[in-house]
Amino acid sequence: MCDSCSTVYEDEETLMKEEEVENYIKAGKILQKIIKYAKEFIRPEQTLLEIATKIEEKIAKEKASPAFPVNLSLNNEAAHRTPAKDDAKKFTKKDIMKVDIGVHIDGYIADAAFSISYNKEHNELIKASKEALRNTEKILKEGITLGEIGKTIEETIRAFGFKPIANLSGHGLAQYEAHAEPTIPNTSNKSTLEIKDIAFAIEPFASTGNGYVRDSHEVQIYSIDEIKPVRSKHARNLLNFIMERFKTLPFAERWLYCEELKLNEFQTKLALRELIMHGCLKEYPILKDIEGSLVSQAEASFLAFNGEIIRIV
Ligand code: CO
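First, a word on scope: everything that follows refers to the structure included in this document. (Residues numbered from 1 in each chain as written. Predicted model: local features only at pLDDT ≥ 70, side-chain atom pairs only at ≥ 80, totals over all residues. Heavy atoms only, no water.)

1. As for the pattern of salt bridges
- Tallied over the full model, the rule gives 16 salt bridges.
- As a salt-bridge pair, Glu-45 and Lys-90 come within 3.7 Å of each other at their nearest N and O atoms. Placement of the pair is Glu-45 in the loop between helix 1 (18–41) and helix 2 (48–61) and Lys-90 in the loop between strand 2 (77–79) and strand 3 (96–105), with a sequence separation of 45 residues.
- Since its relative accessible area comes to 46%, Glu-45 is described here as partly exposed.
- You can call Lys-90 partly exposed: its relative accessible area is 38%.
- The salt bridge partner of Glu-260 is Arg-245, with a shortest N-O separation of 3.2 Å. One end of the pair, Glu-260, is in the loop between strand 11 (251–252) and helix 6 (265–277); the other, Arg-245, is in helix 5 (residues 233–246), with 15 residues separating them in the sequence.
- Its relative accessible area of 42% is what places Arg-245 among the partly exposed residues.
- Residues joined by salt bridges that share partners form a network here, namely Lys-33, Lys-58 and Glu-62. (Salt bridge = Lys/Arg side-chain N within 4 Å of Asp/Glu carboxyl O. Helix = DSSP H or I, 4+ residues; strand = E, 2+ residues; numbered from the N terminus. Buried < 20%, exposed > 50% of the residue type's maximum accessible area, 1.4 Å probe, protein only.)

Here it is in structure tokens:
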């Protein structure tokens, strides 16, 4: 999943522990399997709900947990679409879909994405973000700067005649933090900040539109923002459930309609609304480039440690 805000990265002298490294690598191996599985089964005319559910069930089968809901964003949507409960929307032959998946082991996250289409007209657009990721991977070494990464991504995508999405970026990964510092820009920039001793994701987006995304009104993904006292019993139950199950990681509204949460559908909806109204939750609206445009995405996760950078998925 992508980072849509820019934060200043402060260099802290915290080195990764061996156990952390092992968990990242394990999460990465599982995600490799999941991605292979997803690429094999996804076909036009499947519903987004069917696709997301199958992927999330496979994550559970591999004894990992989703680090965020599977994002299945269509056409001019760059990120943050995940199906609603009983969602009938389908992936069709005309569409280009971004499949963004995160898994975690004990909070240590691997994050990766690919674009898929059964319309050959989208091949070049898909290739643009893939090549941008590949070219960045080629130059990755400890001490590489955010400036060098952004320049490579932008130049590669522009050479295809598309625009990189300027307000979406790669990001650091930390325990139970899908978007940790630093923000890794997808465009040319002068940052001399170096990549060192962190887990991180590189995720170029190529667009035929403005190269800039805006929030839509549709929201299906949330995460805990601030724990505040809430008045109703149901809202308190829901907040406790979210804290226990997802901690600070993003979750899908459809995940809340489950037996463990002893509320019916109507009660859950109201409780969720109350938590939003009280400012307990951060919302992740679907992010879109302009109407009629198309967006592709490629993403992989890496570990920089011991003077090396390795790709984990
Ligand atoms: Co990401």
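2. Side note on the packing of helix 5 against helix 6
- Their axes nearest at 8 Å, the elements helix 5 and helix 6 cross at an angle of 80°. On the basis of the axis angle, helix 5 is roughly perpendicular to helix 6. Counted together, His-234, Ala-235, Leu-238, Leu-239 and Ile-242 of helix 5 and Gln-267, Thr-268, Ala-271, Leu-272, Glu-274 and Leu-275 of helix 6 form the full contact between these two elements.
- Per-class residue counts for the contact of helix 5 with helix 6 are 7 nonpolar, 3 polar and 1 charged. (Axes fitted to C-alpha atoms, helices over the stretch in contact; angles between N-to-C directions. Parallel < 35°, antiparallel > 145°, perpendicular 65-115°, else oblique. Contact = heavy atoms within 4.5 Å. Nonpolar A, V, L, I, M, F, W, Y, C, P; charged D, E, K, R; others polar.)

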